[in-house]
Amino acid sequence: MPEHHIAHPMLMDYAAGSMAQPVAMLIATHVALCPECRAEVSRFEAIGGALLDQIEPAALTDGSFDVALARLDAPYEPHPAATRPVSVHSVNHALLSDIAVLPEPLRSAITQSPARLSWRRRGIGLQEIVLPSGNPTIRASLLKISPGASMPVHTHGGTELTLVLAGAFRDAAGHYQRGDVTLADRNINHRPVADEQDECLCFAVVDGGIRLTGIFGRIANPMLRL
Ligand SMILES: [Zn+2]
């Protein structure tokens, strides 16, 4: 069970469908692994639905509260924005075993893509697959850190949201395992070191500005420093 979660303002933005595709994909993948955040998203969707119903006067007599309650019990479906296939350019053999451990909906997005992927070396003990994000300011990638290796101290000036897919890493703020999420910006000394036992596979989304957050996230941005 994940211990490091998506902050509520970001979950609200996700539920409202206002996240850019790669961010929505990352959140959907965490939510799929995390019953706690899944319940929160259902709650936010129900509240959003009830608010929309109240905008239409006819719906007020129509049991909108019951509808909202029913939505709370509905099975979790990733937000449509999250399930658009990631368009990628090459798949090589070494990646196939990595895909097997990917949680949904990330795995489907990658395997259903007609394109191919491959790992690129990014220094000692670090490999990366860059996924076209559809947005020039957002870099979405899979990262693979060798056992015991560290990611270099980040030189980008933006906000980085990282989801652990396999293995685990540690940084100044804590220990992160499959399903855990960490949000870092340039004010945080973010230097993940993979656990010694296994390689660590992560999905990371980096933005040069603060565009990882939607409307609610921007309002509450200072609180997002997990
Ligand atoms: Zn969670």
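Residues numbered from 1 in each chain as written. Predicted model: local features only at pLDDT ≥ 70, side-chain atom pairs only at ≥ 80, totals over all residues. Heavy atoms only, no water.

**Some words on the coordination of the zinc ion**
Here comes step 1: Protein-derived ligands of the zinc ion are H5 (ND1), H30 (NE2), C34 (SG) and C37 (SG), with the metal-ligand distances lying across 2.1 to 2.2 Å.
Here comes step 2: All donors to the zinc ion come from one chain, and their sequence spacing reads H-x24-H-x3-C-x2-C. The burial state of H30 is the same as that of C34; both residues are buried. (Donors = N, O, S within 2.8 Å, 3.2 Å for Na, K, Ca; no water. Buried < 20%, exposed > 50% of the residue type's maximum accessible area, 1.4 Å probe, protein only.)

**Quick notes on the sheet that holds strand 7 (residues 181–184)**
Here comes step 1: Strand order in the open sheet made by the 6 strands is 1-2-3-9-4-7, with antiparallel pairing throughout. The open sheet has two edge strands with one neighbour each: strand 1 (120–121) and strand 7.
Here comes step 2: Bridge count between strand 1 and strand 2 (residues 126–131): 2 bridges; the pairing is antiparallel. Considered in strand 2, the bridge of R121 is made with Q127.
Here comes step 3: Together, strand 3 (138–145), strand 4 (159–166), strand 7 and strand 9 (200–207) form the strand contacts of helix 2 (residues 21–33), whose direction differs from that of strand 9 by roughly 140°. (Pairing = 2+ DSSP bridges. Helix = DSSP H or I, 4+ residues; strand = E, 2+ residues; numbered from the N terminus. Contact = heavy atoms within 4.5 Å. Axes fitted to C-alpha atoms, helices over the stretch in contact; angles between N-to-C directions.)

**Quick word on the nonpolar core**
Here comes step 1: Membership of the largest hydrophobic core comes to 38 residues, with the highest contact counts inside it found for L11, I27, L106, L142, L165 and F203.
Here comes step 2: No other element matches helix 2, which puts 7 residues into this core.
Here comes step 3: Taken domain by domain, this core gets at least three of its residues from each of domain 1 (8–82) and domain 2 (93–207).
Here comes step 4: Among residues more than four places away in sequence, those in contact with L11 are I6, I27, V31, C37, E40, V41 and F44.
Here comes step 5: Core analysis: the next-biggest nonpolar cluster, separate from the first, contains 12 residues, L143, A149, V164 and F169 among them. (Core = buried A, V, L, I, M, F, W, Y, C linked by side-chain atoms within 4.5 Å. Domains from an automatic or database assignment.)

**What to know about the environment of V206**
Here comes step 1: Along the polypeptide, V206 turns up in strand 9.
Here comes step 2: Along the primary structure V206 and T137 are separated by 69 residues, whereas in three dimensions their C-alpha atoms are 8.3 Å apart.

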